[in-house]
Amino acid sequence: MALRDWPIKQKMTAILVLISGLVLLLTSAAFAGYQYWYLRQATRDALSVRGRIIAANSTASLAFSNVADARELLSALRADRHIVAAVLYDKGGNVFAAYPAGVAGDVVPALPGPDGYRFEGGRLIGFQPVEEAGSQRLGTLYLASDLEAIYDTFRLSGVIGLAVMAVALLAAYLVSRVLQGTISQPILALAETAQVVSTRQDYSVRAPKLGEDELGALTDAFNQMLGRIEDQNRALRASQDELQRYANELEQRVEARTHELQERHEALRRNAAELLAANSELDAFAYSVSHDLRAPLRSIDGFSQVLLEDYATKLDESGQDSLRRVRAASQRMGILIDDLLKLARVTRAEMRTEPVDLSDMARDIVNEIQRTAPERQVACAIAPGLTAEGDARLLRVVLDNLLRNSWKYTAKQPEPRVEFGSVEANGGRAFMVRDNGAGFDMKYADKLFGVFQRLHSAADFEGTGVGLATVRRIINRHGGRIWAEGAVGQGATFYFTL
Amino acid sequence: MALLRVTAALLLVCAARVGAQGARASEAQVKAVFLFNFAQFVDWPPEAVPDSQAPLVIGILGDDPFGDFLDATVRGEHRGARPFAVRRFQRVEDITRCDILFIGRPLADRPEEILARLKNRPILTVSDADQFAERGGMIHFVTDRSRIRLQINPEPADAAHLTISSKLLRVAEVITPSGR
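Residues numbered from 1 in each chain as written. Chains lettered and ligands numbered in written order. Predicted model: local features only at pLDDT ≥ 70, side-chain atom pairs only at ≥ 80, totals over all residues.

### Concerning the sheet that holds strand E12 (residues 491-496) of chain A
Residues and elements named next belong to chain A.
Then step 1. With mixed pairing, the 5 strands of this open sheet are ordered in space as E7-E9-E10-E12-E11. With one partner strand each, in any of the chains shown, strand E7 (379-382) and strand E11 (482-487) form the two edges of the open sheet. Here the average twist between neighbouring strands, direction ignored, is 20 degrees.
Then step 2. For strand E10 (residues 428-435) and E12, the ladder comprises 4 bridges, and the chain directions are antiparallel. (Pairing = 2+ DSSP bridges. Helix = DSSP H or I, 4+ residues; strand = E, 2+ residues; numbered from the N terminus. Axes fitted to C-alpha atoms, helices over the stretch in contact; angles between N-to-C directions.)

### Notes on the interface of chain A and chain B
Then step 1. Taken residue by residue, the interface counts 15 residues in chain A and 18 residues in chain B.
Then step 2. Ranked by residue count, the leading element in the side of chain A that touches chain B is helix H2 (residues 59-63) of chain A, at 4 residues.
Then step 3. Partitioned by chemical class, the residues of the side of chain A that touches chain B number 3 nonpolar, 9 polar and 3 charged. (Contact = placed C-beta atoms within 7 Å. Nonpolar A, V, L, I, M, F, W, Y, C, P; charged D, E, K, R; others polar.)

### Comments concerning the pairing of strand E6 (residues 124-127) of chain B
Residue and element names in this part refer to chain B.
Then step 1. Of the two faces of E6, both are covered, the one formed by Leu124 and Val126 as well as the one formed by Thr125 and Ser127.
Then step 2. The sheet contact formed by strand E5 (residues 100-103) and E6 spans 3 bridges and is parallel. By the bridge assignment, Ile100 is partnered in E6 with Leu124.
Then step 3. Chirality of the crossover, the property in question, places the unit of E5, helix H4 (residues 111-118) and E6 among those that are right-handed.
Then step 4. Pairing of E6 with strand E7 (residues 139-144), which is carried by 2 bridges, proceeds in the parallel orientation. From the neighbouring strand, Val126 faces E7, where its bridge partner is Ile139. (Buried ≥ 20, exposed ≤ 12 C-beta atoms within 10 Å, placed from the backbone. Right-handed = clockwise from strand over helix to strand, strands pointing away.)

### Details of the confidence of the model for chain B
Residue and element names in this part refer to chain B.
Then step 1. Confidence in the prediction of chain B, expressed as mean pLDDT, is 82, and 85% of residues score 70 or more.
Then step 2. Here residues 1-21 scores under 50 on pLDDT; set against residues more than four positions off or in separate chains, the count is 24 contacts.
Then step 3. Scoring of the predicted complex yields 0.51 for pTM and 0.80 for ipTM. (pLDDT = per-residue confidence, 0-100.)

So this is what it looks like as structure tokens:
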């Protein structure tokens, strides 16, 4: 397992023990180094002191060639078991005396080396000049010591050092196990609290605070954060509840309104059906009445004509006049019945929608009117290229009615004028038929399109009062609208949309 | 230079294959060196040292057995600041300033007279005459199977206020005729 994945307790213990170990190791290494250096120094000093003493004592032996004395001197070195060899050389560099007796070979140099003490070949050796103070040199003392003294001390130090290190590491481990708690405990407590919060979604728990250090501050901050989250959660839940309440209320209201609307729609549908039924009944009634009225009317007219033609001689002037009036009235009534039938037919007829050139149609109608009344001079202005979608036959009825009206009501005008065109109205296009005829009072504008509603007497302008009602029905069937503007004596303008 | 020469001479001694002539030469040579070495193991009373740079005089009374050896040995050497000097005397009356005196033959055969004349003077008396030490001399060269040993009688030395180093006494045979 990588170090960074270790539990924090072990990590801290490991770090503390590692640091302690490192410190101990460095200290021990430094101490060992110092001790080694010191031991070498001390051993060398000791040997040099020993060498100087022996050299000082052996001056006379050398000066006066007393080998026995020299050997005796050297043999005192027996007390030091580390001395491997000791040799006195005379002034000429010859071996004068040696210790131990018979020592030779590689241990004893054939000739003395340069003065001084040094480590050489695993031994400490020294060449000490032998001289009486202030006088000429008498010879050289050679001493060789093994390094066991150093090694022994060093070994002992090593064992002691290892023991101390083991004890110290154990102590460091134990202490760190105790001390790491001061850091790891708050962190573990935090981690545990965070775990509880994230798994149980419980923001009411709080991490225990174990001290006033940075970790304590961290714990405080964490707890404050939890507190804020808890508050926010509470507020959120409250607003959610409120929202839910509103939603429920709204739903209920929508349901109620929907119900209401359904009821209203149902009522409307019923009304519409009733109206439709009533309307068609009315239409049927009007049709049959008109149809059935025709036959007796034709009899009245026919027999009145027979009377006028066959019995003119038997009737005086007054009788004839009455009969003529009967005929005129019955003929007018016939026209009225035709118009009513036409109106009824408009409602009943099937609609076929197609593109219609209204300008062409208007021109055609004006020509036709002109033919039936060639004595009248009416200025006609028809805008070209006006087309619309609709039933050609019904639209012809519309234009025919409107143009004939204009023609009719300009009869008393010295310079009659009739226009057909289009204007922009309410963001769409409206067709328009305008004249400069008798006009009408705007307060009766809404009565213009009612059946049998007439603003002028039949004496002034003949008419049945059915035409504009027919026109409105056709426009309504096309989904359009019709309205009029005008003033008495100022002419009238009829607008319609399709 | 002197040292080199002495070294060469000593090497000659150790060459071992030397004839009678060579043996005698080497014996004289060793004695000359010993004579020179005494200066290092003996302290003279202050009144015997006129000044710190006065030469340390090695005198030879009578026959000179050393030839050039002694001169060669001491040449260029010093004891402290004092150089060495070799003087040769024929009669004891001639001895003026002297620190170490080798008494050669034939005078050495009757040392008592000479020693009496030198009595209490701070002069280290040395000789190879028989029983020199027993007879009141200070140091006696004893030739023993081609080796030269020393016999020292400390009493006259003490009387002459000479201090002989214990080191020197250790390598020598101490003779005390008075039995002290």
